[in-house]
Amino acid sequence: MRFNSLFRPSIYRHGLTSGHIRKIHGKSVQILYKEDDKASSFTLDLPAIKTVFENPLIQDKPICIITVAGAMRTGKSFLLDNMLKHLSSEDLSQGSGSSNGFPWKGGMTRYTSGVHLWTDPFVIQGSIGEEMAVFLMDTQGTFDHKTTVKENMTVFALSTMTSSVLMYNLMHVIREDHLQHLQLFTEYGRLALKNSGSTPFQKLQFLVRDWHYPHDAPFGSEGGKIVMDRLLNVTEDQPEEIRKLREHIISSFSDLDCYLFPYPGPKVAEDPTFTGSIEEMEPRFAKYLTDFVSTTLAPENLEPKKIAGKIVRSREMVDYFQKYLEIFNGDEIPEPKSIFDTTAEVTNMHALSEAKEKYIENMGALRQSVASLALVEVDLLTKHDQSMKESIELFTEQSKFGGEAYAKHYQEELVKEIVEKFNYFKRLNDSKIQNIFYRAKEDYLTNMEMHCGKEQPLHEQDLMDNHIKYAKDATQKFQRVSDSGFKQPFSNELQERLIREIDERFVYYQNLNETKIRVAVHHAHDLSIDNYTKQMEAVLEGPLAIHNIKLDYEHKSAKSTSMDQFINSSNFGTKLVTSNERLLARDIEDKYSYFKELNASKQLSKRLKATVEQLSDNETYKQFWSNPTQQKVVGGSVATLVVMKILFGS
Ligand SMILES: Nc1nc2c(ncn2[C@@H]2O[C@H](COP(=O)(O)OP(=O)(O)OP(=O)(O)O)[C@@H](O)[C@H]2O)c(=O)[nH]1
Ligand SMILES: [Mg+2]
């Protein structure tokens, strides 16, 4: 509802009539409005502000405007209504609803639009030793999904520039994006003020409604101070963006304060029949509301509006409103949209890079040198998922400025950059895993080579034992042991490959060993035959035959030692040895047949010699037959024996 010219403002003399219960005079007039919903800018109701600020009773008095701005649907008008009641000394227990004071309403739809001013000022004996006219101003909530950036910025900046106390009303907590909005609005205001050369603004009062963390910071101004100190604390190690934002806010206002309100109870927060009566509020909320209103509005806490260091008188405000709005509606200062876009881009980019940093930090050791430990493949994936989730959470927390479209765009970019980073981490990890794989395989080969690289074959079982031992060592080397002792291969696929390649290599070692065994067995066989032959030759040395029983006894003994020698020197655990054992036994028996025949031939040669001696007087023959070497030659060759038989007959 807009002001009409029949309106006649009066004044309250606050403090001069304390204790009296009076009716509220005046009404709320909309001084800034839009001609229609489609209008691109606000219009100032000049006659209305003239009537209010040029009220003859106060027009020359210093002016103090108390404004509540901030998020929509957060009880701004309700609070102003309560201030109004307090200032007019009306009994707060009497609900006014929207009929008497500042209009406010429950529900989810935006209620206040543009800027509203209470027509009748409150005259107080100000701290400057002069009477001061105090006005209450209500504003349209910011970011209600219907309002353009320009409108939001105009309302907020105009409020900041014209108020002595700007209350920044927020729900639950003060978030980073709230500060970013504040920075943007004040920056817009600063731009408009550039020509007038006037900064900073005056008091900024953060109001946090429905504060849920009284254990961290108690309700009221005490907790508010804690929250604000924590929030605006500037340190050297803060990222530049964060630090600058805080420095900007601190330097924009000459005084900063904060107040934490408890939840007002379901009646206030949710019930459409709530009329504003104090009885229906949670007593705790009522207590803090009363405390806040009376402290804030105590004359000693109110300051006149100063612009460019000069106290502003009520009637001068008309010009300021007019001038400021002209600037906002003109093209002297950059389009709020472009300031908004730039700020949104910067804050989103900042949120993106911080979120990405967080991801990299979470991925921990991996971002360091190649020498750092590899991660098990599945652990890497889990770590990536978790880090990405946390990174996106951080981004979402910090990227409130600029709305959905910006956040969506930059979040997609963040995910893309994280995936790129992850691929790099994965490649790095994969190469570390491959190194471990090759080292594990190399260790197996080196160890097996140590045993299998010799000329001497290994016993089949020893070969198998070594293989099992070193294959186990190698697979263990390819496992990561968690703190709880749980073992996991770095990569299932590479572990399978490791086992397969080790097995293939083992088959090679087996074949090599078998070949060596074969050679060794044949060698042992030959040695044993030699051994047997030597023993038997020793037994049959000399021209004389031995008794067959003795020969058999000697054979058995020589066979036994030769067989033992064979078995001892070819203990390789293969079937080959058993079959060669049988072969050796057969060869020995063959040899024995020969020795038996030799022995028999010696018996024959004894007879032959006698015959020769009888038949021939030839000395040469005698010598020949009496020479042991010749006897051996004759006796040692079965062929000679046959020749002898033919020559001499048996
Ligand atoms: N949860 C909660 N609700 C409140 C509080 N104070 C007032 N309300 C309720 O919030 C609703 C909106 O109140 P208004 O004062 O119209 O809110 P506003 O911020 O002026 O809303 P807009 O003008 O639409 O931006 C009403 O139902 C109030 O009863 C508070 O501290 N916490
Ligand atoms: Mg409102």
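Quick caveat, the model's predicted, so the values are computed rather than measured. (Residues numbered from 1 in each chain as written. Chains lettered and ligands numbered in written order. Predicted model: local features only at pLDDT ≥ 70, side-chain atom pairs only at ≥ 80, totals over all residues.)

A. Quick look at the overall build of the protein chain. Helix and strand counts for the protein chain stand at 19 helices and 14 strands. Scored against the burial criterion, the 650 residues of the protein chain give a buried share of 37%. In the protein chain, the proportion of contacts linking residues at least 24 apart, taken out of those at least 6 apart, comes to 78%. (Helix = DSSP H or I, 4+ residues; strand = E, 2+ residues; numbered from the N terminus. Buried ≥ 20, exposed ≤ 12 C-beta atoms within 10 Å, placed from the backbone. Contact = placed C-beta atoms within 7 Å.)

B. Inspection of the packing of helix H1 (residues 46-53) against helix H9 (residues 316-329) at higher detail. It is the contact of H1 with H9, at a shortest axis distance of 8 Å, that shows an interaxial angle of 155 degrees. The angle between H1 and H9 falls in the class roughly antiparallel. Classified by chirality, the crossing of H9 by H1 is right-handed. Contacts between H1 and H9 involve Leu-46, Ile-49, Lys-50 and Phe-53 from the former and Met-317, Val-318, Phe-321 and Gln-322 from the latter. For the contact of H1 with H9, the per-class residue count stands at 6 nonpolar, 1 polar and 1 charged. (Axes fitted to C-alpha atoms, helices over the stretch in contact; angles between N-to-C directions. Parallel < 35°, antiparallel > 145°, perpendicular 65-115°, else oblique. Left-handed = near helix turned anticlockwise from the far one by under 90°. Nonpolar A, V, L, I, M, F, W, Y, C, P; charged D, E, K, R; others polar.)

C. The environment of Ser-570, seen in detail. Mapped onto the secondary structure, Ser-570 falls in the loop between helix H15 (548-569) and helix H16 (575-615). Taking C-alpha positions, Ser-570 is 9.4 Å from Arg-518, a pair spaced 52 residues apart along the chain. Once you skip the residues sitting within four places of it in the chain, Ser-570 turns out to touch Ala-520, Val-521, Ala-524 and Val-577.

D. Fine view of the site of ligand 1. Lining the immediate surroundings of ligand 1 are 21 residues, of which Gly-75, Phe-78, Gly-106, Thr-112 and Gly-141 lie closest. The greatest single-element share of the shell around ligand 1, amounting to 3 residues, is contributed by helix H2 (residues 76-87). (Near = placed C-beta within 6 Å.)

E. Spotlight on the nonpolar core. Within the largest apolar cluster, 85 residues are counted, with the highest numbers of intra-cluster contacts made by Val-134, Phe-135, Tyr-168, Phe-206, Val-208 and Phe-261. It is helix H3 (residues 149-162) that contributes the most residues to this core, 7 residues altogether. (Core = buried A, V, L, I, M, F, W, Y, C linked by C-beta atoms within 7 Å.)

F. Region of interest: the environment of Leu-551. Among the secondary structure elements, Leu-551 is positioned in helix H15. Taking the C-alpha atoms as reference points, Leu-551 and Tyr-592, 41 residues apart in sequence, are found 9.2 Å from one another. When residues no more than four places from it in sequence are discounted, the contact partners of Leu-551 are Ile-546, Phe-595, Lys-596 and Asn-599.

G. Main features of unusual backbone geometry. One non-glycine residue, Arg-73, adopts positive backbone phi at about 60 degrees. Relative to the elements of secondary structure, Arg-73 occurs in the loop between strand E4 (63-70) and H2. One non-glycine residue, His-172, lies in positive phi territory at about 70 degrees. With respect to the helices and strands, the residue His-172 is situated in the loop between strand E8 (165-171) and helix H4 (176-193).

H. View of the pairing of strand E2 (residues 28-33). Across the 6 residues of E2, 5 count as buried, placing the element largely inside the fold. The pairing of E2 with strand E5 (residues 115-118) spans 4 bridges and is classified as antiparallel. Its bridge partner lying in E5, Gln-30 is registered against His-116. (Pairing = 2+ DSSP bridges.)

I. Region of the structure containing H1. Of all the residues in H1, the buried ones are Ala-48, Ile-49, Val-52 and Phe-53. Buried positions in H1, seen along its axis, are confined to an arc of 110 degrees and lie on one side of it. Check the buried side of H1 and you find it contacts E2, strand E3 (43-44), E5 and H9. (Arc of directions from axis to C-beta.)

J. Structural detail: the environment of Ala-524. Within the secondary structure, Ala-524 is located in helix H14 (residues 492-539). On the basis of neighbour count, Ala-524 is assigned to the buried category, with 22 C-beta atoms found within 10 Å. A C-alpha to C-alpha distance of 9.6 Å links Ala-524 and Asn-580, two positions 56 residues apart in sequence. Sequence-distant contacts of Ala-524, that is, excluding residues within four places in its chain, are made with Phe-566, Ser-569 and Ser-570.

K. The arrangement of helix H13 (residues 460-477) in detail. When the terminal C-alpha atoms of H13 are compared, their 26 Å separation across 18 residues agrees well with the 26 Å that a helix rising 1.5 Å per residue should span. Buried residues of H13: Leu-463, His-467, Tyr-470, Ala-471 and Ala-474, and no others. Projection of H13 onto a plane perpendicular to its axis shows the buried side chains occupying an angular sector of 110 degrees, all on one side. Across from the buried face of H13, at angles greater than 90 degrees, the exposed residues are Gln-461, Ile-468, Lys-472 and Gln-476. (Expected span 1.5 Å × (residues − 1).)

L. Inspection of the confidence of the model for the protein chain at higher detail. The predicted model of the protein chain averages 81 in pLDDT, with 80% of residues at 70 or higher. Low pLDDT, under 50, characterises residues 90-99; the stretch is placed with 26 contacts to residues that sit more than four places away or in other chains. (pLDDT = per-residue confidence, 0-100.)

M. Fine view of the packing of H2 against helix H8 (residues 283-296). For the pair H2 and H8, the least separation of the axes is 10 Å and the interaxial angle reads 65 degrees. Along this stretch, H2 crosses H8, giving a crossing that reads as right-handed. Side by side, H2 and H8 meet where Asn-82, Met-83 and His-86 of the first sit next to Leu-289, Val-293 and Ser-294 of the second. For the contact of H2 with H8, the residue count by class is 3 nonpolar, 3 polar and no charged.

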